[in-house]
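# Topology and contacts: notes
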Amino acid sequence: MVEVTDTELAEAKRRWETERSQRPIPVSVRFDASSGGIVVEFANGAAFMVPARSLEGLTDATDEQLAEVELLGETGLHWESLDVDYSISGLMSGIFGSRTFMEAQRKGGQSRSSAKVAASRANGAKGGRPRKTANGS
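Each chain has its residues counted from 1, running along the sequence as written. In view of the model being predicted, local features appear only for residues whose pLDDT reaches at least 70, and side-chain atom pairs are presented and counted only at 80 or more, with totals across whole chains, interfaces and linings using the full set of residues. Water and hydrogen atoms were dropped before computing side-chain values, which therefore reflect all heavy atoms in the structure.

### So, helix H5 (residues 114-125)
Three- or four-residue spacings in an α-helix give side chains the same orientation, since the helix completes a turn every 3.6 residues. Labels follow the DSSP assignment, with helices taken as runs of H or I lasting at least four residues and strands as runs of E lasting at least two, numbered in each case from the N terminus. For a helix, the expected span equals 1.5 Å multiplied by the number of residues minus one. The end-to-end C-alpha separation of H5 is 17 Å, in line with the 16 Å expected for twelve residues at 1.5 Å each. Downstream of H5 by a residue or two, glycine 127 has a phi angle that is positive, lying close to 105°.

Okay, here's the thing in structure tokens:
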């Protein structure tokens, strides 16, 4: 086992307090049924909301299940009955699930409606999209 001196321990605690004071500390979390969002409130008065059913593992959850959300220390959210956990920083960064889940959620620009297919064919019949030139015109 590594020996830690009292001085090293005091310095580590000081660094931890400094780091902790520079980030928002969550004080509560709740599910807001009217908006469908998970609301995290912080000690500094700020709040963050994320759409609950946009998160992997919560897409089919009932309002009652979503309301069971609880803080997991100062860094995470936890739903015991659903066995789902999220880091608050990850949610604030837009990470709503695994890479596979996130890629499956992308829809913009990938739609294959009949109108889009017809427009694409008509454009192709005209020679396709004009090529860009070096001067940007």
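### Some points on the sheet that holds strand E2 (residues 37-42)
The pairing criterion is simple: DSSP has to find at least two bridges between the two strands. Taken in spatial order, the three strands make up an open sheet running E1-E2-E3, and their pairing is antiparallel. Looking at the sheet topology across the chains shown, the edges are occupied by strand E1 (26-32) and strand E3 (47-51). Recorded for the sheet is a direction-independent mean angle of 15° between the axes of neighbouring strands. Here E2 runs beside E3; their pairing, made up of five bridges, is antiparallel. Opposite valine 40, over in E3, you have phenylalanine 48 as the bridge partner. Note on definitions: angles span 0 to 180 degrees between N-to-C directions of axes, and those axes are lines fitted to C-alpha atoms, for helices only across the stretch in contact.

### Things to note about the pattern of salt bridges
Throughout this description, the term salt bridge denotes a Lys or Arg side-chain nitrogen within 4 Å of a carboxyl oxygen of Asp or Glu. For the coordinates displayed, the defined rule picks out eight salt bridges. A salt bridge links arginine 30 to glutamate 41; the shortest N-O distance between them is 3.8 Å. Of this pair, arginine 30 sits in strand E1 while glutamate 41 sits in strand E2, and the two are eleven residues apart along the sequence. Burial classes follow relative accessibility: with a 1.4 Å probe on protein chains only, a residue under 20% of its type's maximum area counts as buried, one over 50% as exposed, and anything between as partly exposed. Under the relative-accessibility criterion, arginine 30 is labelled partly exposed at 40%. The exposure class assigned to glutamate 41 is partly exposed, which follows from its relative accessible area of 30%. For aspartate 63, the salt bridge is made with arginine 53, and the minimal N-O distance between the two is 2.7 Å. Taken together, the residues span a long stretch of sequence, with aspartate 63 in helix H2 (residues 63-66) and arginine 53 in the loop between E3 and H2 at a distance of ten residues. The class of arginine 53 is partly exposed, set by a relative accessible area of 34%.

### Focus on the pairing of strand E6 (residues 84-87)
Of the two faces of E6, only one is covered, namely that formed by Val84 and Tyr86; the face formed by Asp85 and Ser87 stays uncovered. Where strand E5 (residues 76-79) lies against E6, four bridges are found, and the strand directions are antiparallel. By the bridge assignment for E6, leucine 77 is matched with tyrosine 86. Between E5 and E6, which follow one another and run antiparallel, lie four residues, and aspartate 83 among them has a positive phi close to 55°.

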